[in-house]
Amino acid sequence: MTKTPKTSSHLAQDALVVVAHRPLSLVRQWLPIVLVLLNALLSTVAEVLLKIGAMHLPAIVLPPFISFVSPIFSWWVVLGIFAYIGSLSLWLLALPHLPLHLAFGLSSTVHLLVPIACWLVLHEIIPLGRVLGMILILAGTLTLGLSHK
């Protein structure tokens, strides 16, 4: 059996095959994870804005029988709703590129970010038990993120 020499067109086809099977670039591999983490950050911003909006008087005060919807007319609440829409958009961008179990696990960073944001912005106290739980959540989230192939 004799081998025929490869022409330049054969070499070009082989090169295309090699390029097609090349591992994903770091950016393409990690971008969905970054999107999920940004989703968590934007969800945190939304939660803090909603809390501020719930604590302040709304711009429009409704009659007593429907006053429970008055907070919707707070600018803080409106900003919080827009932050949630942005968060949902990031989530929907990331989901097609990650297994759901990984994306959902990484989104648990909200449980870290919300207490920290409440402490920084709203001056709420974080009990020691919550801090310990947050450390465990961080360990689990890091394990999930670093085990991503």
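Residues numbered from 1 in each chain as written. Predicted model: local features only at pLDDT ≥ 70, side-chain atom pairs only at ≥ 80, totals over all residues. Heavy atoms only, no water.

> Help me out: how do you make sense of the pattern of salt bridges in this one?
Side chains bearing opposite charge may pair, as long as their charged atoms lie close to each other. In total, this model carries 1 salt bridge according to the counting rule given. Note that Glu 124 is salt-bridged to Lys 51, the shortest N-O span being 4.0 Å. With Glu 124 in the loop between helix 5 (110–121) and helix 6 (128–146) and Lys 51 in helix 2 (residues 26–55), this pair connects stretches of sequence that are 73 residues apart. A residue is classified by how much of its surface remains accessible, and Glu 124, at 31% relative accessible area, is partly exposed. When its relative accessible area of 37% is taken as the criterion, Lys 51 is described as partly exposed. (Salt bridge = Lys/Arg side-chain N within 4 Å of Asp/Glu carboxyl O. Helix = DSSP H or I, 4+ residues; strand = E, 2+ residues; numbered from the N terminus. Buried < 20%, exposed > 50% of the residue type's maximum accessible area, 1.4 Å probe, protein only.)

> Explanation requested: helix 6 in the structure shown.
One turn of an α-helix holds 3.6 residues; hence residues three or four places apart share an orientation. The terminal C-alpha atoms of helix 6, which comprises 19 residues, lie 27 Å apart, in line with the 27 Å expected from a rise of 1.5 Å per residue. Among the residues making up helix 6, those that are buried are Met 134, Thr 141 and Gly 145. All buried residues of helix 6 project into a common sector of 30° when viewed along the axis, lining one side. Facing away from the buried surface of helix 6 by more than 90 degrees, the exposed residues are Leu 128, Gly 129, Leu 136, Thr 143 and Leu 146. (Expected span 1.5 Å × (residues − 1). Arc of directions from axis to C-beta.)

> Explanation requested: the packing of helix 2 against helix 3 (residues 75–94) in the structure shown.
Following both chains from N to C, one finds helix 2 and helix 3 inclined at 165°, their axes separated by 8 Å at the closest point. Classed by the angle they form, the pair helix 2 and helix 3 counts as roughly antiparallel. Between helix 2 and helix 3 lies a crossing whose hand is left-handed. Tallied by class, residues from the contact of helix 2 with helix 3 come to 22 nonpolar, 6 polar and 1 charged. (Axes fitted to C-alpha atoms, helices over the stretch in contact; angles between N-to-C directions. Parallel < 35°, antiparallel > 145°, perpendicular 65-115°, else oblique. Left-handed = near helix turned anticlockwise from the far one by under 90°. Nonpolar A, V, L, I, M, F, W, Y, C, P; charged D, E, K, R; others polar.)

> Is there a simple way to explain helix 3 in this structure?
Taking 1.5 Å as the rise per residue, helix 3 with 20 residues should run 28 Å; its terminal C-alpha atoms sit 29 Å apart, in good agreement. Within the span of helix 3, buried status applies to Val 77, Gly 80, Ala 83, Ser 87, Leu 90, Trp 91 and Ala 94. One side of helix 3 holds all its buried residues, which, seen down the axis, span an arc of 130°. Exposed residues pointing more than 90 degrees away from the buried face of helix 3 are listed as Trp 75, Phe 82, Leu 92 and Leu 93. Among the structural elements, helix 2 and helix 4 (100–106) are those in contact with the buried residues of helix 3. Of the residues flanking the start of helix 3, the one acting as N-cap is Ser 74, its side-chain oxygen 3.2 Å from the backbone nitrogen of Trp 76. (Contact = heavy atoms within 4.5 Å. Polar contact = N/O pair within 3.5 Å; in protein donor to acceptor, adjacent residues only side chain to side chain.)

> I keep staring at the nonpolar core and nothing clicks. Help me out?
When a protein is soluble and globular, its nonpolar side chains tend to lie buried together. One finds Ile 33, Leu 35, Val 36, Leu 90, Trp 91, Ala 94, Leu 98, Leu 102, Ala 103 and Leu 106 forming the largest nonpolar core, which totals 10 residues. Only helix 2, helix 3 and helix 4 provide two or more residues apiece to this core. Apart from residues lying up to four places away in sequence, Ala 103 is in contact with Val 36, Trp 91, Leu 95 and Leu 98. Ranked by size, the runner-up nonpolar core spans 8 residues in total, among them Ala 40, Val 110, Val 114 and Leu 122. (Core = buried A, V, L, I, M, F, W, Y, C linked by side-chain atoms within 4.5 Å.)

> Looking at this structure, I do not really get unusual backbone geometry. What am I missing?
Residues other than glycine predominantly adopt negative phi, and peptide bonds predominantly adopt the trans conformation. Look at His 123: it is not a glycine, yet its phi comes out positive at around 60°. Summarising the element assignment, His 123 is placed in the loop between helix 5 and helix 6.

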